[in-house]
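Chains, contacts and geometry: an overview
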Amino acid sequence: MTTFHNFIAGEWVRAASGQTFENRNPADTRDLVGHFPRSGAADVERAVASATRGFARWSRTPAPARGDVLRRVGDLMSARKEELADLMTREMGKPLSETRGDVQEGIDTAYYAAVEGRRLFGHTVPSELRDKWAMSFRRPIGIAGLITPFNFPLAIPTWKMFPALVCGNAVIFKPGEDVPHTGHVLVEILLEAGLPPEVIQLLHGDGEVGAAMVAHPQIPLISFTGSTETGSKVGEVCGRMHKRLSLEMGGKNAQIVLDDANLDLALDGVLWGAFGTTGQRCTATSRLILQAGIHDAFMDRLIARAKTLRLGDGRKAGTDVGPVIHEESLAKIASYVEIGQREGATLALGGARATGAGLEHGHFFQPTILIGVRPEMRVAQEEIFGPVLSVIRVADAAEAFRVNNGVKYGLSSSLYTQDVNLAFRAMQELDNGITYVNAPTIGAEAHLPFGGVKQTGNGHREGGWEVYEFYSETKVGYVDYSGTLQRAQIDNY
Ligand code: UN1
């Protein structure tokens, strides 16, 4: 039996309380991945002391040298891609083809970060005055507290951690309690790549240790990905303490298919968007908005195709859809199917826990489609985070856009049409952080900003270049080489 530890002050250690929790394979709960420490406030205290020392050293390391560590991280992840994918599927469930993608997103993020170590641009601009230099540049902030979810066990931590490190911050990392093993291996890789030990601290556990991080006065920056409900609590504390906070939360993403769309393409798109990762992406397609002219024909084809999806252990060849993460998640998904039907939707496919050969020891839920959904129903408004697709019929593009925008979330949206004018209108009018044209709601690329509007986030982005703004403080320097007191323009007018 394997027992894992926290990583604090350069050592692998138990939680101060001595308590542990189990992590099991969601495709077969008889398979115990390991025991992990259940950390709390005392562990955060030790981690902060260590990270403070780590920060003092790392923040003075030249940024290109910091980037070099990330390049080696990318190399190591590439070399171990298959092994990482396998251990991730074992503890999280999505098929190997998807966990390979998760690793690749981490690799891409590492190489992007490595290069960013040579840029981290500021601006040099003309001064209002003669013989005066004016410029902005970036400084590291301090200790970054990173709290990540289960659905992208590697990619999401790398989105936060790599830019945080390249910008010169020290990190305290709490991986999702359902995916601690991936978090453990990621930290091992960082150390092997030459990251000085006290720059990274790993704390396992649940909301208790997360809350202690959020409330710790010496952690000035928190990045959290998870539910909107937990995000609100995190936001309250960070607001009170004036912390820098990035929130990445729920979604209720829609794929719109108009009458003129390439239906084969739209069909492939919705199957991948709705049932890939068993619907457990923030970007998952959970609403399908169909124009009336193609509604019935499209639904017939969609149901026929969705029936052929093979549920199973993601480590077995031929599996299309893996389990959901845990028992509570099964119950939540089932309750939404019931709510939808009570509200007047019709169950067109699935709707129940999947049993049968090879599924009896895991958390499997059938790919589920609800039709006749109205935009105001709870199944069209609330995030379900499972393989459930709510189908809404609309008359035209204008109604489709209204329905898309009529939810409290705003992560991604997708429009299938051949009409270039509508495509551009959609990019302008859909209230989302990301709009795809003729592609599903999932598939964001590592070098573009990722995030959403409204209740999905709090205005920050992950990935791309914008995240480097988040993990660094902008400072301005003026150098007056005129040899006289030059008052600023406002005092000269
Ligand atoms: C998430 O949905 O939680 O765009 C992250 C995508 C992936 C990342 C998704 N690149 O689907």
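Residues numbered from 1 in each chain as written. Predicted model: local features only at pLDDT ≥ 70, side-chain atom pairs only at ≥ 80, totals over all residues. Heavy atoms only, no water.

In terms of domain boundaries, the protein chain breaks down into domain 1 (6-249 + 457-476) and domain 2 (253-437). Averaged C-alpha coordinates put domain 1 and domain 2 at centres separated by 31 Å. Of the residues lining the interface, 25 residues belong to domain 1; the matching set on domain 2 comes to 25 residues. Both faces combined, the contact of domain 1 with domain 2 buries some 2,000 Å², and carbon together with sulfur accounts for 58% of it. Here domain 1 and domain 2 share 2 salt bridges between them. Two residues, Arg315 and Asp86, come together in a salt bridge whose shortest N-O distance is 3.0 Å. Here domain 1 is connected to domain 2 by 7 residue pairs in polar contact (both at pLDDT 80 or more). By residue class, the composition of the side of domain 1 that touches domain 2 is 8 nonpolar, 6 polar and 11 charged. (Domains from an automatic or database assignment. Contact = heavy atoms within 4.5 Å. Buried area = accessible area lost by both parts, 1.4 Å probe. Salt bridge = Lys/Arg side-chain N within 4 Å of Asp/Glu carboxyl O. Polar contact = N/O pair within 3.5 Å; in protein donor to acceptor, adjacent residues only side chain to side chain. Nonpolar A, V, L, I, M, F, W, Y, C, P; charged D, E, K, R; others polar.)

What follows deals with the sheet that holds strand β5 (residues 124-126). Across the sheet, 3 strands lie side by side as β5-β6-β21; this open sheet has antiparallel pairing. Two strands in the sheet have a free side with no partner beyond their single neighbour: β5 and β21 (473-480). This sheet shows a mean twist of 25° between the axes of neighbouring strands, independent of strand direction. Of the pairings in the sheet, the one linking β5 to strand β6 (residues 132-139) comprises 3 bridges and is antiparallel in character. Residue pairing for β6: Pro126 is matched across the bridge by Trp133. (Pairing = 2+ DSSP bridges. Helix = DSSP H or I, 4+ residues; strand = E, 2+ residues; numbered from the N terminus. Axes fitted to C-alpha atoms, helices over the stretch in contact; angles between N-to-C directions.)

Hairpin connection of β5 to β6: 5 residues between the antiparallel strands, including Asp131 at a positive phi of 50°. As paired strands, β6 and β21 are joined by 8 bridges and run antiparallel to one another. What sits directly across from Lys132, in β21, is Asp480.

On to the site of the ligand. Looking at the ligand, the residues that line it are Glu105, Asn151, Phe152, Ile156, Trp159, Arg281, Cys282, Thr283, Ile442, Gly443, Ala444 and Phe450. In this structure, an oxygen atom belonging to the ligand sits 3.0 Å away from a main-chain N or O atom of Gly443. Per-domain counts for the shell around the ligand show at least three residues from each of domain 1 (6-249 + 457-476) and domain 2 (253-437). (Near = heavy atom within 4 Å.)

Once that is clear, we can look at the packing of aromatic side chains. Here the structure, examined in full by the defined rule, presents 7 aromatic pairs. Where Phe4 meets Phe36, the ring centres are 4.5 Å apart and the plane angle is 0°; that geometry is what we call stacked. One end of the pair, Phe4, is in the segment before β1 (6-8); the other, Phe36, is in strand β4 (residues 28-37), with 32 residues separating them in the sequence. Of the two residues, Phe4 and Phe36, both sit in the buried class. Positioned over the ring face of Phe152 is Lys94, at 3.7 Å from the centre of the ring. Just above the ring of Tyr478 sits the side chain of Lys132; from NZ or CZ to the centre is 4.5 Å. (Phe/Tyr/Trp six-rings, centres within 6.5 Å; stacked < 30°, edge-to-face > 60°. Buried < 20%, exposed > 50% of the residue type's maximum accessible area, 1.4 Å probe, protein only. Lys NZ or Arg CZ within 6 Å of the ring centre and 35° of its normal.)

Turning our eyes to something else, we now look at the sheet that holds strand β16 (residues 388-394). As summarised here, the arrangement of the 7 strands in space is β14-β15-β16-β13-β12-β18-β19, forming an open sheet in which the pairing is mixed. Each edge of the sheet is formed by a strand with only one pairing partner; in this case those strands are β14 (346-349) and β19 (434-437). This sheet shows a mean twist of 25° between the axes of neighbouring strands, independent of strand direction. As judged from the 3 bridges shared by β14 and strand β15 (residues 368-371), these two strands associate in the antiparallel manner. Note that in β15 the partner of Thr346 across the bridge is Ile371.

Let us now look at the environment of Ser482. Its location among the elements puts Ser482 in the segment after β21. Only 2.7 Å separates the side chain of Ser482 from the side chain of Asp480, close enough to count as a polar contact. Of the polar contacts made by the side chain of Ser482, one reaches the side chain of Gln486; its length is 3.2 Å.

Attention now goes to helix α11 (residues 327-343). The first and last C-alpha atoms of α11 sit 25 Å apart over 17 residues, in line with the 24 Å expected at 1.5 Å per residue. By the burial criterion, the buried members of α11 are Ser329, Leu330, Ile333, Tyr336, Val337, Ile339 and Gly340. Next to the buried residues of α11 lie β14, β15, α12 (378-381) and β16. Backbone geometry just downstream of α11 places Gly344 in the positive-phi region, at approximately 115°. (Expected span 1.5 Å × (residues − 1).)

To continue, consider the pairing of strand β12 (residues 253-257). The buried count for β12 comes to 5 of 5 residues, which makes it a mostly enclosed element. Side-chain alternation along β12 places Asn253, Gln255 and Val257 on one buried face and Ala254 and Ile256 on a second face that is also buried. Here β12 runs beside strand β13 (residues 285-291); their pairing, made up of 5 bridges, is parallel. Its bridge partner being in β13, Asn253 is matched across the sheet by Thr285. Of the crossover connections in this fold, the one passing from β12 over helix α9 (residues 263-275) to the parallel β13 is right-handed. One ladder, built from 4 bridges, connects β12 with strand β18 (residues 412-416); its direction is parallel. Bridging from a neighbouring strand, Ile256 pairs with Leu415 of β18. (Right-handed = clockwise from strand over helix to strand, strands pointing away.)

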